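# Structure assessment
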Amino acid sequence: MASPFRSFSSLFSSTLIMVLGSGLLTTYLALSLSRDGVEQLWIGGMMSAYYFGLVVGSKVGHKLIARVGHIRTFVASAGIVTASALCHALTDVLSIWLILRLIVGTGMMCMYMVLESWLNEQADSSQRGSVFAGYMIVSYMGMVAGQTVLSFFPELGLQPLLLIGICYALCIVPIALTRRIHPQPMHPAPLKILPFWRKVPQSLTTILIAGGISGSFYGLAPAFAASNGMGTAEVASFMSATILAGLLAQWPMGKLSDRIPRSRLLRFNSALLGILVLAIALLPLKGIALLVATFCFGILAFTLYPLATALANQNIEQPERVALSATILLTFGIGATLGPLVASFIMQMLGNAMLYGYMAICCLILFLRLTQVNYNQKMAKRLLAQQQPSDYQLASGDLVSSPLAAALDPRVDEQLVKEQMLDEPAASNSSQHTAEADPQCDTQTEHVAADNLATNSTTGATIEATTTPLAASDSADVEPVEIQPMAATPDPAAEEQHRKDTTAAPGTANQAAAQDSQSLLERAAAQRKGPTTE
């Protein structure tokens, strides 16, 4: 099977050249505006306009591809982006630059959609992971190359703009000459913002803040570096080191997230990033120390987005992941649009170093939010576990209850108890049949019932003096005996013995119940034989 880089060489080549021009344009505009003394709010506004254009392009691109196809969409978008980039050389009006950045963002998103949909459809199932990894590597290499190329133009004249126009023009060539089959147009993914915010709040919160940090870095970090006395080449090295760190950290962080819970890793990452950016904002770092700090920043900042995306997909079912992907991209775009505006305002009020102060505030908010959501989820799971019925039943190590205790068990449905354990109609019919069979036994039956009531009050055992079986205690196995009607007056001696038994100090409840049951059986047998004499 051919290598993904060889199979998709035309698409990867277009991506590399296109991203090289985009990265070069972003840093060039930031340095040019900073050199001319433009307020930071305008610099941030340029980056916000670009990301807002990306959000708009995600809606325009689907319709354009469905109407004219992939190649025509890519060619048209590249032509518009090329013209917009070169127009920066024709005017210095900042409001027009804002419009140009918006147009560039919209066109870039259409080009991204063409490339990604093409890769998505043409990639074999067994190569999808490799193809996507190759696409991301090529994108990072293009961004690093764009920063490196800028170091050859320290004066920031028109040459970088001409080179940017050349890149956007050349990226059309591999696509136009490809022999690959044109993919079918794809429908726009549905957006489910509120449902996903409820299901994966940690992930979307992280993506929103990661967008704000990433957008403010790309748009305003060159101005920060220039304010620290760096030249064009040093600013290019500063940006390249950060982006390269983000690329190198992807694979190790992915392996680490497979072993450590991603929610915990996000909290740890945000805490470390907050400490780091606070140190960059407060300490006078220069030279190698600043490069090392920004390299560590790239490792932590550029892994927030993939970690949050992996956590979101981990908690969402497969049929909903297409809608989740669209929601993630929109959330990141919103954060990247608002972040540069807020950061540039803080920088204008408090100084250029407050770019990283703004990032420290973002990391603090992210850490607190992640901690709160994680705590709420743990408490909800604990409460749910407490509400679920337990299978453990309190009992001693001895048989101290009867099978009828199931009627009191809270785990047993009350309706089942009524259906399976109550037999009142049968009991009443049996009693009525006995009374009709021998009407002369009423007096004897009432007398025995009185004895049973007295026994119950002292020992707690239940003995029915009717035609129902005699209930035995837990500690004694007594065969059920049916009580027959008595033919004579109860024996006075037996009654005297019974009174002595009831007034004496009882032993255990089970022994007393057994003795009373045996005494009652003996009296019943004696009465069937007739009165006895002492």
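These numbers come from a predicted model, not from an experiment. (Residues numbered from 1 in each chain as written. Predicted model: local features only at pLDDT ≥ 70, side-chain atom pairs only at ≥ 80, totals over all residues. Heavy atoms only, no water.)

### Points about the packing of helix H2 (residues 9-35) against helix H5 (residues 94-122)
Helix-helix packing is characterised by the crossing angle of the two axes and by the distance between the axes. Between H2 and H5, the least distance of the axes is 11 Å, while the angle of their chain directions is 160 degrees. Between H2 and H5, the angle falls in the class roughly antiparallel. H5 is crossed by H2, and the crossing has left-handed handedness. Counting all contacts with H2, which are made through Leu11, Phe12, Ser14, Thr15, Met18, Val19, Ser22, Leu25, Thr26, Leu29 and Leu33, the residues of H5 involved are Leu94, Trp97, Arg101, Val104, Met108, Met111, Tyr112, Leu115, Trp118 and Leu119. Its residues assigned to classes, the contact of H2 with H5 shows 16 nonpolar, four polar and one charged. (Axes fitted to C-alpha atoms, helices over the stretch in contact; angles between N-to-C directions. Helix = DSSP H or I, 4+ residues; strand = E, 2+ residues; numbered from the N terminus. Parallel < 35°, antiparallel > 145°, perpendicular 65-115°, else oblique. Left-handed = near helix turned anticlockwise from the far one by under 90°. Contact = heavy atoms within 4.5 Å. Nonpolar A, V, L, I, M, F, W, Y, C, P; charged D, E, K, R; others polar.)

### Some thoughts on a positive patch on the surface
There is a patch of like positive charges on the surface, built from Arg264, Lys378, Lys381 and Arg382. No other element matches the three residues that helix H17 (residues 354-387) contributes to the positive patch. Relative to the helices and strands, Lys381 is located in helix H17. (Patch = residues over 30% accessible without salt bridge, like charges linked within 9 Å, V, L, I, M, F, W, Y side chains within 5 Å. Areas by Shrake-Rupley, 256 points an atom, 1.4 Å probe, with all protein chains shown as cover. Salt bridge = Lys/Arg side-chain N within 4 Å of Asp/Glu carboxyl O. Lys, Arg positive; Asp, Glu negative; His and termini not counted. Charge placed at Lys NZ, Arg CZ, Asp CG, Glu CD.)

### Observations regarding the state of the cysteines
Counted according to the given criterion, the structure contains zero disulfides. Free of any disulfide, Cys363 has its nearest cysteine sulfur in Cys362, 6.8 Å distant. (Disulfide = S-S within 2.5 Å.)

### Thoughts on a nonpolar patch on the surface
A cluster of nonpolar side chains, Leu41, Leu341, Val342, Phe345, Met349 and Leu350, forms an exposed patch at the surface whose accessible area comes to about 580 Å². When residues of the nonpolar patch are assigned to their parent elements, the largest contribution, five residues, is made by helix H16 (residues 321-350). Overall, Leu41 belongs to the partly exposed group, its relative accessible area being 35%. (Buried < 20%, exposed > 50% of the residue type's maximum accessible area, 1.4 Å probe, protein only.)

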